Amino acid sequence: MNAVELNEELSGFGALLLASAVKSIYPTVKLGGGSVGEFGYYFDFEFSVPVKTEDLSKIEDEMKRLGKRAEVSVMEKTKSEAVKLFDKSGEPFLVELAGTRKGKIGIVKLGNTSVVADFAICEKSPSVVKLTQITGAYWKGDAKNKMLTRIYGVAFKSKDELAKYHEWQEDIKRRDHNKIGRELEYFTTDPMIGQGLPLILPKGARIIKTLQRWVEDEEEKRGYMQVYTPDLTKSDLFKASGHWTHYKDGMFVIGDERLDDEVFALKPMNCPFHIAIYKSQIRSYRDLPIRISETGKQYRNENSGEMHGLTRVRQYTLSDAHIFCRPDQVQQIFDECLQLTDFLVRSLGIQDRIWYRFSKWDPNNREKYIDNKEAWEKSEAVIREVLVRNKMKFVEAADEAAFYGPKIDIQAKNVYGKEDTLFTVQLDFALAEKFGLSYIDENGQKITPFLVHRASLGAYERTFAFLLEHFAGALPVWLSPTQAVVMGITNKQDDYVDEIFKNLRGKLRIEKDIRAEKVGYKIREHSKKKIPYLIVVGEKEREEGKISVRTREGSDLGTMNIEEFFGLGQFNAPTE
RNA sequence: GCUUCCGUGGCGCAGCAGGUAGCGCACGUCAUUGGUAAUGACGAGGUCACGGGUUCGAAUCCCGUCGGAAGCUCCA
C-alpha cells in the first residue's frame, strides 16, 4: 500500500484548529511554530502546565467544536497586511507555518480570537481531525534551547480517509524491519548485551554474507585491494587524524587519559588505518590510483535515543574503501565510485527509492569544518562537475559535509519517512596532508595525493534493514536465506523429497519439510517465512520425475523438471 | 541526551476500583497420510522487566533503574 496523500490545505486548516483549540483550553500557552507535510501537521507549544497524551482527546474535541463554528476566509493578502487588518479589530494571534505557500494566506475567525496563517488552507473545515502523537521538540531545532511540546495530527474530509490512513499506518508496521526482521529470525537483541548491539541470527547472517560476497567480488573486479585492519588502536592515530578533538565523546575509549600511559579506542572509522597502509611504502605516480577496501567494523558510542533497529547501531560493518589518487584522477575516481553504486542500486532494484545529495560545508560553522575556504570551494566545484557531467539529479545540502571535505550522499527514507544516508562518496583534501602522505611524480617531486572515501553498499546492517522494508520481507530470490523448501504430499514421498533435496543442495539454499502435516498447512507456514519457492511432490511427480512449484505469493507454477525450475529465477548474485 | 508512550510465557493480547495469572498462535506427545494457505486430542511453558516502597495482601498503587517505540537533537 502506498503512502496516503495528506492534503496540505486540509492539514493547514488542521494546524490552525489545533493552535486555536490549545489556545482556547490553555489561555496562557505560548505558540511556537508549526508545519505541514507527509506526516500531516504539527504545532509546537510552550505550556505552563505539563500536557500529556491523555489531554489530546480533550484538545481534539475542542478542535471539532471550533471547526464547526469557524469562519474562514482565504485572502490574497500578505502576512503583514493581514496582521494590520487584525490590529484594528481585536486580538489576533499569528501563526507561522512552514511549508509550501500557494500565494494565499488563511484566516480563521474563532469567536473573539482569530488565527492568521502564512500558509494556504482549504476553505472548508476538515470534517475529521485526529491528533496522532505528542512529543518534545527543541525551540528552533537547537538542543541547547528549551524543549517545547509538539503535537502531531491529521485532517481529512471523511472518515473513509481516516480509515485509509489507519490502514497505511498498519502497513508501515508490517514493513518495519525492526519488527519483521525479528519475526523472520534475522536478528534479535538482548538487554544484557546492550543497546545498538544486535545479534545477527543464522538466516540474517546468510543474507548479509551474500551481500558481502557480492560486493567484495564486484570490487575486486574493479581494482580494489582488500585488507584487514585492527578494531583497536592507540589514541595517537585519531589524534593525528583530528578525530580525537572532533569526536572523542562518540568513541569507545579504553583506559583513562589521566591515569594510563597509553589509551586505546575502538575504531569509529577505517580511514586512518588505510592511510597507514598507504604510508607503509613509497608510492609512485604510476601506482595511483590505489584502491584499498575493507569489510570493516566500526564502533560509535551513539546516544541512547538515537539507536534504531539495524539502521542506527553502535557496532556495524561498512563496505568501506579509500582511494588514493593524483589530482588529475579525482573526477575519474568519482565517476567509477558512482558507477559501482549505480550498479548495486539497480541490481537491487531500489533505484526509485534513492536520491543523490550534494553535501556541502557551511562557511559559518567554524567548529565543524577544516578552515580552508579555497580547498572547500575547489573540491565542491569538482564534485558539482561530476554530478552535472553525469546528468545526475541531486539536491544540495549545506552544512552536511564531513569535516575534511564535501561528499555525495545517496539518501533513502525508511518506512516512517525518516531520511538516512545509505551510501556515500566523499572527497577529502585534508587527511592526506595531515598524515603527510605523498607520491613521487614524474619529475621526482613529492606530491600530496587526494583521498576519496566511499562506502559502496554502505553499512551492511543498515542496507539490510532498508531492503527488508523495501521488499516487506520478501527479498529477491538470490538474497533469500532459504530459496526453496521441498515437501511431500504425504510421508510416503519422504524418500523422493530427500532425493530432490540432495539433488538441489549445493545448487541453491534449500530446506526440506517432512513434518506429518497437511501440505496446505506447510505451504502456508513457509510462505509466511517469505521463502520464494515451495516445491511439492506426490506420487504423480515421483512417477514423472518432476516437481510441482508454488511461490510465496501463492501462484501455482505447475509441474516441471529440475532444469525448468532453475530457469524460474535468479538464484545467484547479479553480475554485469 | 531530551519529550511522550510502553514493558504479563517465543509472538500477539486479556486481566489493573489491590486478594498470589488467562486466551489465541507457536512449541511437545499421540492419533490422522491428507493433492495445495489453519486436522483432532492431550500436554509443557510465566517469581507479570528489575529493585525498593505503601498494604494483612501488589501484575494491579507510588518511586527508582533497565529495556522497547515514535518524535526532537546528533551521525566522522
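Residues numbered from 1 in each chain as written. Chains lettered and ligands numbered in written order. Predicted model: local features only at pLDDT ≥ 70, side-chain atom pairs only at ≥ 80, totals over all residues. Heavy atoms only, no water.

## A short note on the overall build of chain A
Turning to step 1, where the next piece is worked out: From N to C terminus, chain A includes 17 helices and 29 strands.
Turning to step 2, where the next piece is worked out: Along the longest, intermediate and shortest principal axes, the C-alpha atoms of chain A span 85 × 75 × 55 Å.
Turning to step 3, where the next piece is worked out: Here chain A holds 576 residues, and 49% of them are scored as buried.
Turning to step 4, where the next piece is worked out: In chain A, of all internal contacts separated by at least 6 residues, the share reaching a separation of at least 24 is 69%.
Turning to step 5, where the next piece is worked out: A total accessible area of about 28600 Å² is found for chain A, and carbon and sulfur atoms account for 48% of it. (Helix = DSSP H or I, 4+ residues; strand = E, 2+ residues; numbered from the N terminus. Buried < 20%, exposed > 50% of the residue type's maximum accessible area, 1.4 Å probe, protein only. Contact = heavy atoms within 4.5 Å. Areas by Shrake-Rupley, 256 points an atom, 1.4 Å probe, with all protein chains shown as cover.)

## Considering the protein's contact with RNA strand B
Turning to step 1, where the next piece is worked out: In the vicinity of RNA strand B there are 57 residues, among which Tyr138, Asn178, Ser304, Thr490 and Arg524 approach most closely.
Turning to step 2, where the next piece is worked out: Among the atoms of RNA strand B close to the protein, meaning within 4 Å, 50% are from sugar or phosphate groups.
Turning to step 3, where the next piece is worked out: Glu306 is positioned with one of its side-chain polar atoms (N or O) 2.9 Å from a base oxygen of RNA strand B.
Turning to step 4, where the next piece is worked out: For RNA strand B, a sugar or linking oxygen lies 3.0 Å from a polar atom in the backbone of Gly520.
Turning to step 5, where the next piece is worked out: If you list the elements that add at least two residues to the surface near RNA strand B, you get strand E8 (128–138), strand E9 (147–156), helix H8 (243–247), helix H15 (519–528), helix H16 (539–544) and strand E28 (547–551).
Turning to step 6, where the next piece is worked out: Tallied by class, the residues present in the surface near RNA strand B amount to 19 nonpolar, 20 polar and 18 charged. (Near = heavy atom within 4 Å. Polar contact = N/O pair within 3.5 Å; in protein donor to acceptor, adjacent residues only side chain to side chain. Nonpolar A, V, L, I, M, F, W, Y, C, P; charged D, E, K, R; others polar.)

## With respect to the pairing of strand E19 (residues 394–397)
Each regular strand shows side chains that alternate between the opposite faces of the sheet.
Turning to step 1, where the next piece is worked out: When strand E18 (residues 354–359) meets E19, the two strands line up parallel, connected through 4 bridges. The residue bridging Ser359 from the neighbouring strand is Ala397, located in E19.
Turning to step 2, where the next piece is worked out: In this view, the connection linking E18 to its parallel neighbour E19 by way of helix H11 (residues 373–389) has right-handed handedness. (Pairing = 2+ DSSP bridges. Right-handed = clockwise from strand over helix to strand, strands pointing away.)

## Some thoughts on the sheet that holds strand E14 (residues 253–254)
Turning to step 1, where the next piece is worked out: Within the open sheet, the 3 strands sit side by side as E13-E15-E14. Their pairing is antiparallel. Only two strands of the sheet have a single partner each, and these edge strands are strand E13 (232–234) and E14.
Turning to step 2, where the next piece is worked out: Bridging between E13 and strand E15 (residues 264–266) involves 3 bridges; their strand directions are antiparallel. Paired with Thr233 across the two strands is Ala265, which belongs to E15.

## Description of the environment of Thr575
Turning to step 1, where the next piece is worked out: Structurally, Thr575 is set in the segment after helix H17 (562–566).
Turning to step 2, where the next piece is worked out: With relative accessibility at 56%, the residue Thr575 sits in the exposed group.
Turning to step 3, where the next piece is worked out: With 361 residues separating them in the primary sequence, Thr575 and Trp214 have C-alpha atoms 8.6 Å apart.
Turning to step 4, where the next piece is worked out: Those residues within four positions of Thr575 in sequence are excluded, and the remaining contacts are Glu218, Lys221 and Phe343.

## Observations concerning helix H13 (residues 460–470)
Turning to step 1, where the next piece is worked out: A large share of H13 lies buried, amounting to 11 of its 11 residues.
Turning to step 2, where the next piece is worked out: Every buried residue belonging to H13 is among Tyr460, Glu461, Arg462, Thr463, Phe464, Ala465, Phe466, Leu467, Leu468, Glu469 and His470, and all of these are buried.
Turning to step 3, where the next piece is worked out: Ala472 sits one or two positions beyond H13 and adopts a positive phi of about 50°.

## Structural notes on the packing of helix H6 (residues 202–221) against helix H10 (residues 330–348)
Turning to step 1, where the next piece is worked out: At a minimum axis distance of 12 Å, the contact between H6 and H10 shows a crossing angle of 145°. Crossing hand, H6 versus H10: right-handed. Contacts from Leu211, Trp214, Val215, Glu218 and Glu219 in H6 reach Leu340, Phe343, Leu344, Ser347 and Leu348 in H10.
Turning to step 2, where the next piece is worked out: When its residues are assigned to classes, the contact of H6 with H10 shows 7 nonpolar, 1 polar and 2 charged. (Axes fitted to C-alpha atoms, helices over the stretch in contact; angles between N-to-C directions. Left-handed = near helix turned anticlockwise from the far one by under 90°.)

## Some details on the confidence of the model for chain A
One rule of thumb: low pLDDT means the predicted coordinates there are not for detailed reading.
Turning to step 1, where the next piece is worked out: With 91% of its residues at a pLDDT of 70 or more, chain A has an overall mean of 90.
Turning to step 2, where the next piece is worked out: Averaged pLDDT values for the elements of chain A fall to 51 in strand E5 (residues 97–98) and rise to 98 in strand E22 (residues 439–440). (pLDDT = per-residue confidence, 0-100.)

## Quick look at the environment of Thr341
Turning to step 1, where the next piece is worked out: Its place among the elements puts Thr341 in helix H10.
Turning to step 2, where the next piece is worked out: Of the residues examined, Thr341 reaches a relative accessible area of 2% and is grouped as buried.
Turning to step 3, where the next piece is worked out: C-alpha separation for the pair Thr341 and Leu184, spaced 157 residues apart in sequence, amounts to 28 Å.
Turning to step 4, where the next piece is worked out: Those residues within four positions of Thr341 in sequence are excluded, and the remaining contacts are Ile410, Phe423 and Ser456.

## Focus: the sheet that holds strand E12 (residues 224–226)
Turning to step 1, where the next piece is worked out: Across the sheet, 8 strands lie side by side as E12-E16-E17-E24-E21-E20-E18-E19; this open sheet has mixed pairing. Among the strands making up the open sheet, the edge pair consists of E12 and E19. Across the sheet, the mean angle separating the axes of adjacent strands is 30° when strand polarity is ignored.
Turning to step 2, where the next piece is worked out: Pairing geometry for strand E20 (residues 407–413) and strand E21 (residues 419–428), over 7 bridges, is antiparallel. Across the sheet, Lys407 pairs through a bridge with Gln426, a residue of E21.

## Re a nonpolar patch on the surface
Turning to step 1, where the next piece is worked out: A surface patch of nonpolar side chains, about 330 Å² in accessible area, is lined by Met192, Ile193 and Leu199.
Turning to step 2, where the next piece is worked out: Accessibility expressed as a relative area gives 34% for Leu199, which makes it partly exposed. (Patch = residues over 30% accessible without salt bridge, like charges linked within 9 Å, V, L, I, M, F, W, Y side chains within 5 Å. Salt bridge = Lys/Arg side-chain N within 4 Å of Asp/Glu carboxyl O.)

## Details of the side chain of Ser456
Turning to step 1, where the next piece is worked out: As for its position among the elements, Ser456 is in strand E24 (residues 450–459).
Turning to step 2, where the next piece is worked out: A distance of 2.7 Å separates a polar atom in the side chain of Ser456 from a polar atom in the side chain of Glu219.
Turning to step 3, where the next piece is worked out: A polar side-chain atom of Ser456 sits 3.5 Å from a polar atom in the side chain of Arg454.
Turning to step 4, where the next piece is worked out: In this structure Ser456 touches Val215, Glu219, Ser319, Leu340, Thr341, Leu344 and Phe423, once residues within four positions along its chain are discounted.

## A few points about unusual backbone geometry
Turning to step 1, where the next piece is worked out: Here the amide bond leading from Leu288 into Pro289 is cis, since omega sits at 0°, within 30 degrees of zero.
Turning to step 2, where the next piece is worked out: Structurally, Pro289 can be placed in the loop between helix H9 (271–279) and strand E16 (290–299).
Turning to step 3, where the next piece is worked out: You will see that Ala472, though not glycine, has its phi angle at about 50°, which is positive.
Turning to step 4, where the next piece is worked out: Looking at where Ala472 falls in the secondary structure, it is placed in the loop between H13 and strand E25 (484–488).
Turning to step 5, where the next piece is worked out: The class of Ala472 is partly exposed, set by a relative accessible area of 21%.
Turning to step 6, where the next piece is worked out: Phi is positive for Lys530, close to 65°, though the residue is something other than glycine.
Turning to step 7, where the next piece is worked out: Given the relative accessible area of 29%, Lys530 is considered partly exposed.

## Some words on the environment of Glu539
Turning to step 1, where the next piece is worked out: With respect to the helices and strands, Glu539 occurs in helix H16.
Turning to step 2, where the next piece is worked out: In this structure Glu539 comes out as partly exposed when scored by relative accessible area, which is 37%.
Turning to step 3, where the next piece is worked out: Once the C-alpha coordinates of Glu539 and Lys492 are considered, the two residues, 47 residues apart in sequence, prove to be 8.3 Å apart.
Turning to step 4, where the next piece is worked out: Apart from residues no more than four positions distant in its own chain, Glu539 is found in contact with Lys492 and Gln493.
Turning to step 5, where the next piece is worked out: Side-chain polar atoms of Glu539 contact the side chain of Gln493, separated by 2.8 Å.

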